[in-house]
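One letter stands for each residue in the lines below.
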Amino acid sequence: MRRGKGVIGIALLVSAVLAGTSACGGKSSASDSAGDSGKGGASASASAHPSPTHPTGPPMLLDSIAPLDKATVGVAMPISVVFTNPVAASAHKNIEKHLKVSASVPTAGAWHWMGDKRVDWRPQEYWKSGTKVRLDADLKYVSNGSGRYGTHPYTHSFTIGDDVRADASVTAHTMKVTRNGAPVRTLSINAGSAEYPTWNGTMAVIDKQEKVHMTSCSVGISCNKGDANYYDLTLPWDIHLTQSGTYVHFSTGDTNPGSGSALGSHGCVHLSLSDAKWFYGQVKQGDPVTVTGSPRAKASADNGYASFNLSWSQWLAGSASGERTTAAL
């Protein structure tokens, strides 16, 4: 099944989850005006101690920071900062300068802009399990390049948990799960059909829900109840992989997935009911799920948390300040 495309905006610092309506992926188709620090200079005054002045203008607000403060996440989890209003390209470098990433294990990484409202930081390679990470977003008085200025700083700290990975082969109808490098279990799967193939590539888990309502009409597949592709179902044990609606879950229309089944999904990865419940208990936000063997392209980096679908050189091309090693924590 598949769920409709959601939005990345979430209540300010309250949720690190990328919201989405239910679905499983659609058909396949072949001069820095921010200044150095964003702070105003001192005003002229007869006093020996002139009072500083600060820029005025509407506030530059954040829609969300992910992951949540004090969260434990997977090794593929980026830091994702979403602004409420567009940020001018001229302000990118200065804003990156004020987004300081510290870690208990020195880690090379970089920021990358996903359009004009979202900037993500990812390590060059996966995080090392057990790493403590902190983001200090010192945005007070920093300009967005369009007349808005930050009003206060933000801090988020989180921990990288166990290194849990899932590798799904569309052609072999299997998904191999490992924990800290050791094999745990191999599950039977079905992926997308020829008409609705699953995204290839690595997608870090966005969130998970015990039940999700999924409809074909919400994603433009079919609103006709008599159509073979019509569905309106609430399905259990759902692991959310893309903003466009890809899930790993159980489907009542494909109860025994595996190489002996000719059934294909609308883009999701199907597990049996018992396997879906087991897998739900294993994974957390930021754990990488990698799909291979599908005729579909890799999911775009901003389609959820698919940053590792870009090569390191591609990632750096979207950064204003380039690669940096984390500060000591």
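**Q** How should I be thinking about the overall build of the protein chain in this particular structure?
**A** Looking only at helices and strands, the protein chain has three helices and 21 strands in total. Carbon and sulfur atoms make up 52% of the accessible area of the protein chain, which totals about 13,900 Å².

**Q** How should the pairing of strand 11 (residues 164-169) be read in this particular structure?
**A** Two faces belong to every sheet, and in a regular strand the side chains alternate between them. Relative to strand 12 (residues 174-179), strand 11 runs antiparallel, the two being bridged by six bridges. In the strand pairing of strand 12, Arg165 is matched with Thr178. Once strand 11 ends, the chain turns through four residues before running back antiparallel as strand 12, passing His173 with a positive phi of about 60 degrees.

**Q** Explain the packing of aromatic side chains here, please?
**A** For any pair of aromatic rings, the description rests on two quantities: the centre-to-centre distance and the angle between the ring planes. In the structure shown here, the tally under the stated rule is five aromatic pairs. Joined through ring pairs, the aromatic side chains of Trp121, Trp127 and Phe158 make up one cluster. Cation over ring: Arg122 sits above Trp315, and NZ or CZ is 5.4 Å from the ring centre. Positioned above the aromatic ring of Trp278 is the side chain of Arg185, whose terminal nitrogen or guanidinium carbon lies 4.7 Å from the ring centre.

**Q** For this particular structure, what's the right way to read the environment of Ser265?
**A** Mapped onto the elements of the fold, Ser265 is located in the loop between strand 17 (247-250) and strand 18 (269-271). Overall, the relative accessible area of 2% leaves Ser265 in the buried class. At 2.6 Å, the side chain of Ser265 and the backbone oxygen of Cys268 are in polar contact.

**Q** Explanation requested: the sheet that holds strand 5 (residues 99-103) in the structure shown.
**A** In a beta sheet, neighbouring strands are held together by backbone hydrogen bonds and run either parallel or antiparallel to one another. Taken in spatial order, the five strands make up an open sheet running 3-10-8-5-21, and their pairing is mixed. Among the strands making up the open sheet, the edge pair consists of strand 3 (71-73) and strand 21 (327-328). One ladder, built from three bridges, connects strand 3 with strand 10 (residues 154-160); its direction is parallel. Within the sheet, the bridge partner assigned to Ala71 lies in strand 10 and is Phe158.

**Q** What am I meant to see in the nonpolar core here?
**A** Soluble globular proteins: nonpolar side chains tend toward being buried together. Counting 35 residues, the largest nonpolar core has Ile79, Val81, Phe83, Ile95, Trp111 and Leu139 as the members making the most contacts within it. Contributing elements (two or more residues each) for this core: strand 2 (62-66), strand 3, strand 4 (79-83), strand 5, strand 6 (108-113), strand 7 (118-123), strand 8 (132-137) and strand 10. If near-sequence neighbours (up to four positions away) are discounted, Phe83 is found in contact with Met60, Leu61, Leu62, Asp63, Ile95, Trp113, Lys117, Val119 and Leu139. Formed by 27 residues, the second largest nonpolar core is a distinct cluster that contains Ala166, Ile239, Val283 and Ala306.

The rules behind these values
Residues numbered from 1 in each chain as written. Predicted model: local features only at pLDDT ≥ 70, side-chain atom pairs only at ≥ 80, totals over all residues. Heavy atoms only, no water. Helix = DSSP H or I, 4+ residues; strand = E, 2+ residues; numbered from the N terminus. Areas by Shrake-Rupley, 256 points an atom, 1.4 Å probe, with all protein chains shown as cover. Pairing = 2+ DSSP bridges. Phe/Tyr/Trp six-rings, centres within 6.5 Å; stacked < 30°, edge-to-face > 60°. Lys NZ or Arg CZ within 6 Å of the ring centre and 35° of its normal. Buried < 20%, exposed > 50% of the residue type's maximum accessible area, 1.4 Å probe, protein only. Polar contact = N/O pair within 3.5 Å; in protein donor to acceptor, adjacent residues only side chain to side chain. Core = buried A, V, L, I, M, F, W, Y, C linked by side-chain atoms within 4.5 Å. Contact = heavy atoms within 4.5 Å.

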